[in-house]
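Chains, contacts and geometry: an overview
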Amino acid sequence: MASRGFGSDFDARSFGRGARRFFFAVVAIVVVLFVGCETTTRVDAGHVGIRVKLAGSDRGVQDMPTVTGWVVYNPVSEQIVIFPTSVQNVVWTANPHEGRPVDESITFSSSEGVNVNADVGLSFHIEPSLAPKLYGRFRQNDMLALADGYVRNTVREAFNDVTSKMAVQDIYGAGKSKMLADVTAKIRDVLGKDGFVIDQLTINGALRLPQNVADAINRAMEATQNAIQSENKVRQVKAEAEQAITQAHGQAEAMREKADEIIRLSTSPAVLQYRALEHWDGKLPTFSTGQTPMLTFDLSKMANIDDVAREKKLKELLAEDAASNNTAPATPPAPPAPPPPANPAAK
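Rules of the game
- Residues numbered from 1 in each chain as written.
- Predicted model: local features only at pLDDT ≥ 70, side-chain atom pairs only at ≥ 80, totals over all residues.
- Heavy atoms only, no water.
- Bend = angle between axes of the 7 residues up to and from the residue.
- Helix = DSSP H or I, 4+ residues; strand = E, 2+ residues; numbered from the N terminus.
- Buried < 20%, exposed > 50% of the residue type's maximum accessible area, 1.4 Å probe, protein only.
- Polar contact = N/O pair within 3.5 Å; in protein donor to acceptor, adjacent residues only side chain to side chain.
- Axes fitted to C-alpha atoms, helices over the stretch in contact; angles between N-to-C directions.
- Left-handed = near helix turned anticlockwise from the far one by under 90°.
- Contact = heavy atoms within 4.5 Å.
- Nonpolar A, V, L, I, M, F, W, Y, C, P; charged D, E, K, R; others polar.
- Phe/Tyr/Trp six-rings, centres within 6.5 Å; stacked < 30°, edge-to-face > 60°.
- Salt bridge = Lys/Arg side-chain N within 4 Å of Asp/Glu carboxyl O.

**Points about helix α3 (residues 143-163)**
Largest kink in α3: about 40 degrees, centred on V151. Turning to α3, its buried residues number three or more, namely M143, L146, A147, Y150, V151, R152, T154, V155, A158, F159, V162 and T163. Where α3 starts, the residue carrying a side-chain oxygen 3.2 Å from the main-chain nitrogen of L144 turns out to be D142.

**A short note on the packing of helix α2 (residues 131-138) against α3**
At a minimum axis separation of 13 Å, α2 and α3 run at an interaxial angle of 65 degrees. Here α2 and α3 pass one another in a crossing that is left-handed. Along the contact surface, α2 presents L134, R137 and F138, while α3 presents M143, L146 and Y150. In terms of residue class, the contact of α2 with α3 is built from 5 nonpolar, no polar and 1 charged.

**Describing the packing of aromatic side chains**
With the rule as written, the count across this model stands at 5 aromatic pairs. Aromatic pair F108 and F159: ring centres 4.8 Å apart, planes at 15 degrees, arrangement stacked. On the criterion of sequence distance, the pair formed by F108 in strand β7 (residues 106-109) and F159 in helix α3 is long-range, its members being 51 residues apart. For F108, a relative accessible area of 0% gives the class buried. The exposure class of F159 is buried, given its relative accessible area of 0%. Look at Y150 and F196: their rings are 6.2 Å apart centre to centre, the planes differ by 45 degrees, and that puts the pair in the tilted class. With Y150 in helix α3 and F196 in strand β9 (residues 196-208), the pair connects residues that are 46 residues apart, well separated along the chain. Following the ring pairs from residue to residue traces out a cluster consisting of F124, F138, Y150 and F196.

**Observations concerning the side chain of N117**
Along the chain, the position of N117 falls in strand β8 (residues 115-126). Note on N117: relative accessible area 16%, which makes it buried. A distance of 2.8 Å separates polar atoms of two side chains, one belonging to N117 and the other to T107. Each residue touching N117, except ones within four places of it in the same chain, is listed here: S105, I106, T107, L207 and R208.

**Here's the deal with the pattern of salt bridges**
Per the counting criterion, the structure on display carries 6 salt bridges. Close ionic contact of D194 with R137 constitutes a salt bridge, the shortest N to O distance being 2.7 Å. With a gap of 57 residues between them, D194 in the loop between α5 (176-191) and β9 and R137 in helix α2 connect regions that are remote in the sequence. With relative accessibility at 7%, the residue D194 sits in the buried group. In this structure, K186 engages D161 in a salt bridge whose closest nitrogen and oxygen atoms are separated by 3.0 Å. Here K186, found in helix α5, pairs with D161, found in helix α3; they are 25 residues apart in sequence, far enough to count as distant. Here the residues in one salt-bridge network are D161, K165 and K186, joined through shared partners.

Quick look at the structure:
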């Protein structure tokens, strides 16, 4: 009986020691898991983790952000702040159905003091290497909160600084693109120091002006367009007139050349001899020897083509002239028969 009691006590003590060991192992595992969860964090893509010292001489934001992935830190003396670096899009608009249900549009003034209202859109992201500086200044890692405060104020001041030197007609008209480019450059200069990278600045929709100003600008633009159209019409009429004059000169020159050719071809040797006889007074030389001289002309130099070719060419020219004038072609004049030579004896 005594031996059986001793064995039972031994088994009970062994079981108790095993249970305690198991309990301590479970506790150790739970503690390790708890500590592991509390001392590690994951930084996803599109973010950086900023290590912040909570105690000691180095407390504050460290200069370099941690890389993406799993990060081990001491939760007692350190904090990892997750900071987004992906592109953020914000819209400040008067439309309650876009953005916030309140009017967040931006108003700026021209050089004449005319208020101009606009819906403005902005796309930006944060330079990862400057994220600690930005967080150290604002202690804020909510990009939308920063955009609605600091960034919006910077954009509004940039608009007013640029447009205060521009006439309202330039803002509303051809100078709108330049205005937007100048405002973008100024925003990049101011926000870039804090790590903001401006991807795009836009004016969504039309600019809103006081109605009387908008009407006056529209009338001025319409008058300008009408003046441009009138000027273009004058240029067109002038060009058409110059073209008509040039064509008329060309046609006149062609007609002149054709008339000269017709006259040249119409002047045959017989005609030339007849014209000469028409102007002869009938007198022969007073003194002569031998038989009575005949009035003759050396016509070999007066024509350089034969009669057949001359006649053919003349008919062609007359036919072309008749076709251009819609009349029947004229018949080339036959050379007149020369009159009989005068008889000196009759005198």
